[in-house]
Amino acid sequence: VEAEPDELEEIVDSHKKKKLAKKGIVLKSKEEKRQLRREREKKRKARQKRGGTNKQPADAKDFDDFEDKQVFGDTVHAPPSLNFKMRNMEEKMAGKASSLLLAQKLNNKQDGGGGVVKKAKKEHLSMAKKAMLEKERQRVVEAYRALKADKISF
């Protein structure tokens, strides 16, 4: 049994719904979902009564005209290609191309900025420093093994 939401919860929920709606996400209550499910079931049953169990709804696209006729044993030399141009794609991408990281790096290289920065080489450690690091590594490995042995014994 669900408790009745108070005013604060309703306000918080409405703010969440508004934020998600800006992103294109619509939250529906259980009641709304139930109503939509019932409507879908009614439409499905009506289609079955009309005799079209596998018919598509009127609003679905008909892709029958895009059908390719293939014969068994055909040789294919390349995958199919789509020969159409996306509308407004150039307009959407016009301002974004200049902000690419690679484009910035290449522009710096052309301007004499040096381009890609190389990593500094690893410095050579003294024997004392190496010995100290090895001792610390051994201590950590032993602590890890002891921890694992404790876990296994339980």
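Please read these numbers as outputs of a predicted model, since none were measured by experiment.

Definitions and limits used
Residues numbered from 1 in each chain as written. Predicted model: local features only at pLDDT ≥ 70, side-chain atom pairs only at ≥ 80, totals over all residues. Heavy atoms only, no water. Helix = DSSP H or I, 4+ residues; strand = E, 2+ residues; numbered from the N terminus. Buried < 20%, exposed > 50% of the residue type's maximum accessible area, 1.4 Å probe, protein only. Areas by Shrake-Rupley, 256 points an atom, 1.4 Å probe, with all protein chains shown as cover. Patch = residues over 30% accessible without salt bridge, like charges linked within 9 Å, V, L, I, M, F, W, Y side chains within 5 Å. Salt bridge = Lys/Arg side-chain N within 4 Å of Asp/Glu carboxyl O. Lys, Arg positive; Asp, Glu negative; His and termini not counted. Charge placed at Lys NZ, Arg CZ, Asp CG, Glu CD. Expected span 1.5 Å × (residues − 1).

Participant: What exactly am I supposed to notice about the overall build of the chain here?
Facilitator: Helix and strand content of the chain: 5 helices and 0 strands. The N-to-C order of helical and strand elements in the chain reads α-α-α-α-α. Relative to its full complement of 154 residues, the chain shows a buried share of 1%. Accessible area for the chain stands at about 16400 Å²; split by element, carbon and sulfur atoms hold 56% of it.

Participant: Even after reading the chapter, I still don't get a negative patch on the surface, so can you show me in this structure?
Facilitator: A cluster of like negative charges, contributed by E4, D6, E7, E9, E10 and D13, occupies part of the molecular surface. Within the secondary structure layout, E10 lies in helix α1 (residues 7–22). Judged by its relative accessible area of 44%, E10 falls in the partly exposed class.

Participant: Can you help me understand helix α2 (residues 30–50) in this one?
Facilitator: It helps to recall that an α-helix has 3.6 residues per turn; residues three or four apart then point in one direction. With 21 residues, α2 extends 30 Å from end C-alpha to end C-alpha; this agrees with the ideal 30 Å at 1.5 Å per step. Immediately downstream of α2, the backbone of G51 shows phi near 100°, a positive value.

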